[in-house]
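For reference, the chains in residue letters:
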Amino acid sequence: MRFGSTFKVAFRALRRNKLRSALTALGIIIGVGAVIAMVGIGNGAKAQVQAQIASLGQNVILVFSGSTTASGIRTGWGGAGTLKIEDAEAIRREVPGVIGVSEEVVSTSQVAAGNQNWFTRVLGESPDYLDIRQWPLAAGAPFTDQDVRSANKVCIIGKTTASEVFGNDDPVGQTLRIKNVPFIVTGVLTPKGLSAQGPDQDDVVIMPYTSAMKRVAGGTTLRNINVQVASAADLAPAQQQITSLLRQRHNIRGDRDDDFTVRNQQEIAEAATATADVMTGLLGAIAGVSLVVGGIGIMNIMLVSVTERTREIGTRMAVGAHGRDILTQFLIEAVSLSAVGGLLGIALGVSASKVLSAVKHWPSLISPMSILVAFLVSAAVGIFFGFYPARTAASLDPIDALRYE
Amino acid sequence: MNAPVVQLIDVRKTYRSGEMEVHAVRGVSLEIHRGEFVALMGSSGSGKSTLMNILGCLDRPSAGRYLLDGTDVSQLNRDQLADIRNGKLGFVFQSFNLLPRTSARENVELPLLYGARNLTGQELRAKADHVLSSVGLEGREDHHPSQLSGGQQQRVAIARALINEPEVLLADEPTGNLDSRTSIEIMGIFQELNDRGITVIMVTHEPDIASFAQRNVVMRDGLVRSDRPVTLRATAADELLKMVSVDQLAALES
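Thresholds applied
Residues numbered from 1 in each chain as written. Chains lettered and ligands numbered in written order. Predicted model: local features only at pLDDT ≥ 70, side-chain atom pairs only at ≥ 80, totals over all residues. Heavy atoms only, no water. Domains from an automatic or database assignment. Axes fitted to C-alpha atoms, helices over the stretch in contact; angles between N-to-C directions. Helix = DSSP H or I, 4+ residues; strand = E, 2+ residues; numbered from the N terminus. Left-handed = near helix turned anticlockwise from the far one by under 90°. Contact = heavy atoms within 4.5 Å. Nonpolar A, V, L, I, M, F, W, Y, C, P; charged D, E, K, R; others polar. Patch = residues over 30% accessible without salt bridge, like charges linked within 9 Å, V, L, I, M, F, W, Y side chains within 5 Å. Areas by Shrake-Rupley, 256 points an atom, 1.4 Å probe, with all protein chains shown as cover. Salt bridge = Lys/Arg side-chain N within 4 Å of Asp/Glu carboxyl O. Buried < 20%, exposed > 50% of the residue type's maximum accessible area, 1.4 Å probe, protein only. Pairing = 2+ DSSP bridges.

## Concerning the domain arrangement of chain A
So, step 1. Its domain assignment divides chain A into domain 1 (3-52 + 271-403) and domain 2 (60-230).
So, step 2. Computed over C-alpha atoms only, the centres of domain 1 of chain A and domain 2 of chain A are separated by 54 Å.

Here it is in C-alpha cells:
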C-alpha cells in the first residue's frame, strides 16, 4: 500500500549520501564488471578454440609417428619416422569408412621470390588435404595426384606467405624458390587465421609430400597421416582398425607399446575445450570473489548507516513508520545500490572486454544470458547482504532509537 | 459530555533490569481534556519520561488502561501503535530530531509518507509548505536543518508534528536546547496552537516554561504529586515585552 512512498524515502536517503552511495555501488560495479569481462573472455577463448578445432576438419583422425630418443634427447611425435608412405596407402586401401588420407611432412625453410624472402612452414601433403581441412583456394588450382606421383615442383601458398613474398602481385603462376629449387605457385589459399596453439595458419607453403621429401625436408618418412572418415560414427572403429593395421605392419606384438599415436578430432576438441572451461571457471571465480567483496561492502555500509541513522530510524518510527517500512526502506536502499551497481558493472564489463579484445586481440563473447545472470546476482547480493542490516534497523525499539546519541 | 482525550487509569510501568524490578510509574490516573495545555514536571527519575513514552504510544503500560480519544491503546501491537502515533499524535523533541541534509519541506512531509493515504508529490509539497508557513517558516522550505537556527529547527519539528492534524501534541523538553528568547517564541507557538483547540502535553523541568501551560502536573517517584491549574499564566507576548524592557534597561545602564 505504501510501497511507493517507501521507495521515495529510500531514494531520498541515498541521495543524502551521494558519495557514500556511489562508493558502495562501486564495489558491485567492479565485481559485476569483472565477472562479465572475465567470463566473456573465457567464453571467447573457448569459442575460438572450438572454431579452430572445427577448422582442422570434420571427423578427422590424426596418426602421429612415434618419438625417438637419441643421446638422451627425445624428439617428440613424428621424430621417429616410423610412418611410411606405404602405411598411409594401407590405411587408404584397407580401413572402411575412410574418405580421405593425406601424408604429411613438415619442415621450415627460407623461401624467396624476386628480391623478397620469408621464413615459413613447408607442408608436404596429398591433394586430399584441402578437403580434409575444409580449406578452399582463393585463387588458382590445387596440385594433383599426378604432381604427387612425379614429385613436381609445384606448391600452393597461404595468404600470409603470399602477401609477405609477393606483396600485392598475383602469386599464381609465379616462381617461389625454396632451398634454391624453383617451385611454381599454382594456387593461393583462403585465410584461416590463427590456430588454437597460436601460429598463423596462413603462413604456410603446401606442396606434394613427395616433392617435400625429395627437395625440401629430405628423408622418406611421414610426420603424421591425416585421415578423414565419412561420419562421426566411423571415428571409433576406424581408429581401432588403423591401430591394429599399423601394429601389424610395424610388427608390434603382444603388449609392446605402439610406435605411433592415433588421435581423433573429438579427443583434441574435448581436451582443448576442457582447458578453456577450466580457464573460464577460474576467471569467473576470481571475479566472483570481488563481487562477494562488493556485497560485503554493501553490508558494511548499511550496518554503519543503521548505527549512524539510529536517531533517524527512531524519528521515523515515532511519526508512524512500521518496522516493515524501515525494513523495506533499508532493503530498497541496499538493492538499489547493488542493482544500479550491477547495471553500471555490466556496462563496464562489456566495454572492458571490448577494449581488451580491441587492444590485446583477446576474443570475448558476452551472451545476453550472462548479462541477465549478472544483473540478477547483483540484485540478489543486495537482498542477501542488505537483509541483516535492514532487519537490525527494523527491530530497533523506538524509545531507545530516539534517545541514541 | 466532554470526554477526555487522554484518560489514564491506574497506569503502571515496571522495568526489569537483571534481578531488580524498577517501578518507574506506580499507578497514575490522569484525565486530560480536549483543548488543555498540560505541563508534566518532575525531577529526573520521577517517571515523567516513562509516562510521556506511554502517552506517546511509544511504550505500553505494564498494567492499567490508557484510553486515547476513547480507544484503549494499552494492548495494541507495535504496528497499531505506529498508526496511532502517525494519525493522532504529534511529537516535538528536545533535540528536534530532524533528518540531516534533508530540506525542511521533506522533513515535514515525513509523517505523510507513513500515513494511510497515498498522496502525490504535489499534494505532499502543498501540505508541507502550508504548515511551514503557519509556523512562520515561509521561504525556508528548501533550507536544510544545518542552515536553520535552533528555534527555526524546532519550528520545522512542530510543523512536522502538526502535518497530520493530530489530537494531541506531545513535546518532550521542547525548549531544552534553546535560549530563553527562542524558548518564549516556541511557547508562543504552543499557546497559539492551544488557542486553536489543539491539546498540548509538554514535559519540562523549568517552572517558568511550565507557567505557559494551563495546568501543571508534578510527578515524583512514579506518582502524581500535585496536579493544579496555573494561576499566574505567562503569555508569550508579555514575556517578550518584558525581555525587551530588560534589554533596554541594560542598554541604558551601560
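## Focus on the packing of helix H3 (residues 104-113) of chain B against helix H4 (residues 121-134) of chain B
Between two packed helices, the angle of one axis relative to the other and the distance separating the axes together describe the packing.
Residues and elements named next belong to chain B.
So, step 1. One can describe the packing of H3 onto H4 by two numbers: an axis separation of 9 Å at closest approach and a directional angle of 115 degrees. Remark: the crossing between H3 and H4 carries right-handed chirality. Of the residues in H4, those in contact with Ala104, Arg105, Val108, Glu109, Leu112 and Leu113 of H3 are Leu124, Arg125, Lys127, Ala128, Asp129 and Leu132.
So, step 2. Classifying every residue of the contact of H3 with H4 gives 7 nonpolar, no polar and 5 charged.

## Here's the deal with a nonpolar patch on the surface
So, step 1. On the surface, Met369, Leu372, Val373, Leu376 and Val377 of chain A cluster together into a nonpolar patch covering about 450 Å² of accessible area.
So, step 2. For Leu376 of chain A, the position within the fold is in helix H12 (residues 368-394).

## Side note on the pattern of salt bridges
Residue and element names in this part refer to chain A.
So, step 1. With the rule as written, the count across this model stands at 28 salt bridges over all chains.
So, step 2. The shortest N-O distance in the salt bridge between Arg20 and Glu308 comes to 3.0 Å. Separated by 288 residues along the polypeptide, Arg20 in helix H2 (residues 18-55) and Glu308 in helix H9 (residues 265-308) bring together distant segments of the chain.
So, step 3. Assessed through its relative accessible area of 21%, Arg20 is described here as partly exposed.
So, step 4. Take Glu308: its relative accessible area is 46%, and that puts it in the partly exposed class.
So, step 5. Between Asp87 and Arg249 there is a salt bridge, with its nearest N and O atoms 2.7 Å apart. With a gap of 162 residues between them, Asp87 in helix H3 (residues 85-94) and Arg249 in helix H8 (residues 235-249) connect regions that are remote in the sequence.
So, step 6. Owing to a relative accessible area of 35%, Arg249 belongs among the partly exposed residues under this scheme.
So, step 7. Three or more residues joined by partner-sharing salt bridges are found here, namely Arg16, Arg309, Glu312, Arg316 and Glu333.

## Observations concerning the sheet that holds strand S1 (residues 6-17) of chain B
Residues and elements named next belong to chain B.
So, step 1. Taken in spatial order, the 4 strands of this open sheet run S2-S1-S4-S5, and their pairing is antiparallel. Each of the sheet's edge strands pairs with one partner strand only, and the pair in question is strand S2 (20-32) and strand S5 (71-72).
So, step 2. Inspection of the sheet shows S1 paired to strand S4 (residues 63-68) by 5 bridges, in the antiparallel sense. Bridge pairing in S4 links Gln7 to Leu67.
So, step 3. Against the sheet, helix H1 (residues 48-55) makes contact with S1, S2 and S4, and its axis sits at roughly 120 degrees relative to S1, the strand it touches most.

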